[in-house]
Amino acid sequence: MAVILNIETSTNVCSVALTFDGYVIGQREDYQGRNHAALLSGYIQAMLDIANEKELKLDAIAVSIGPGSYTGLRIGLSEAKGLAYALGIPLIGVDTLKAMTVSVMFSDFFDENVVFVPMIDARRMEVFTAVHDFGLNELMNPQPLILNEDSYLKYLEKGPVIFFGNGSDKAREIIKHNNANFITEIHPLACNMIALAEKAYMDQDFLDLAYSVPAYLKEFQATVPRNRI
């Protein structure tokens, strides 16, 4: 299996994880916000030191590509792209909302009829969100959404809906349906990127290192609210 350095900077949490054979062998996380530029390089170096100590060679770098904070994503993608280019290894882009959904799926036992709604806080009553089924298929494509009590009504009328992410507190205030369930303290983290990064590596689904960082963000985040971290 692959040795992958995972980088997640899409929200106020800055995190890096080194994974091997599907297991985390090193990680660093900071939840204070506004520290990405100061902390990320040191976190990455710490993971490279662990890989060197264990005589492991990096096979790829995985980085969150949003949605989320434009500033945070730019910092993470710049570091990831530069390191991948310098080491001559592939760069993997991981959808932040899908990574959040995977982390919740693996956290408990859910019926197969539930749907998962990750939410990243934007401004006022807006979130960036998607809807995934138990197979991680997109029932609603990633999009910015201004919340109201009927925002997810067609899913709520069919069965349980699991809301999570730092935007779900706003949803809890206005969505009172009996099928609405809220999980707190779910953050996009590098350690939760493993499954998606491993699959992309096996499928050889890599980002083009010739793209500039703004080009990546334009392609993957054309409609993302540009929050500041």
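All figures in this text were calculated on a predicted structure; none of them were measured in a lab.

## Considerations on the pairing of strand β4 (residues 60-64)
Then, in step 1: The buried fraction of β4 is high, at five of five residues.
Then, in step 2: Where burial is concerned, the two faces of β4 agree: the one with Ala60, Ala62 and Ser64 and the one with Ile61 and Val63 are both buried.
Then, in step 3: Looking at chain direction, strand β1 (residues 3-8) and β4 are connected through four bridges and run parallel. Looking at the pairing, isoleucine 4 lines up with alanine 60 of β4.
Then, in step 4: Here β4 runs beside strand β5 (residues 91-94); their pairing, made up of four bridges, is parallel. Bridge assignment links valine 63 to a residue of β5, and that residue is glycine 93.
Then, in step 5: Running through helix α2 (residues 70-87), the crossover from β4 to the neighbouring parallel element β5 is right-handed.

## Considerations on the confidence of the model for the protein
Then, in step 1: Summary statistics for the protein give a mean pLDDT of 91 and a share of 94% for residues scoring 70 or more.
Then, in step 2: Across the protein, the element-wise mean pLDDT spans from 69 in helix α7 (residues 213-220) up to 98 in β1.
Then, in step 3: With pLDDT under 50 throughout, residues 222-229 is counted as low confidence; its partners more than four residues away or in other chains account for 27 contacts.

Calculation rules
- Residues numbered from 1 in each chain as written.
- Predicted model: local features only at pLDDT ≥ 70, side-chain atom pairs only at ≥ 80, totals over all residues.
- Heavy atoms only, no water.
- Buried < 20%, exposed > 50% of the residue type's maximum accessible area, 1.4 Å probe, protein only.
- Helix = DSSP H or I, 4+ residues; strand = E, 2+ residues; numbered from the N terminus.
- Pairing = 2+ DSSP bridges.
- Right-handed = clockwise from strand over helix to strand, strands pointing away.
- pLDDT = per-residue confidence, 0-100.
- Contact = heavy atoms within 4.5 Å.

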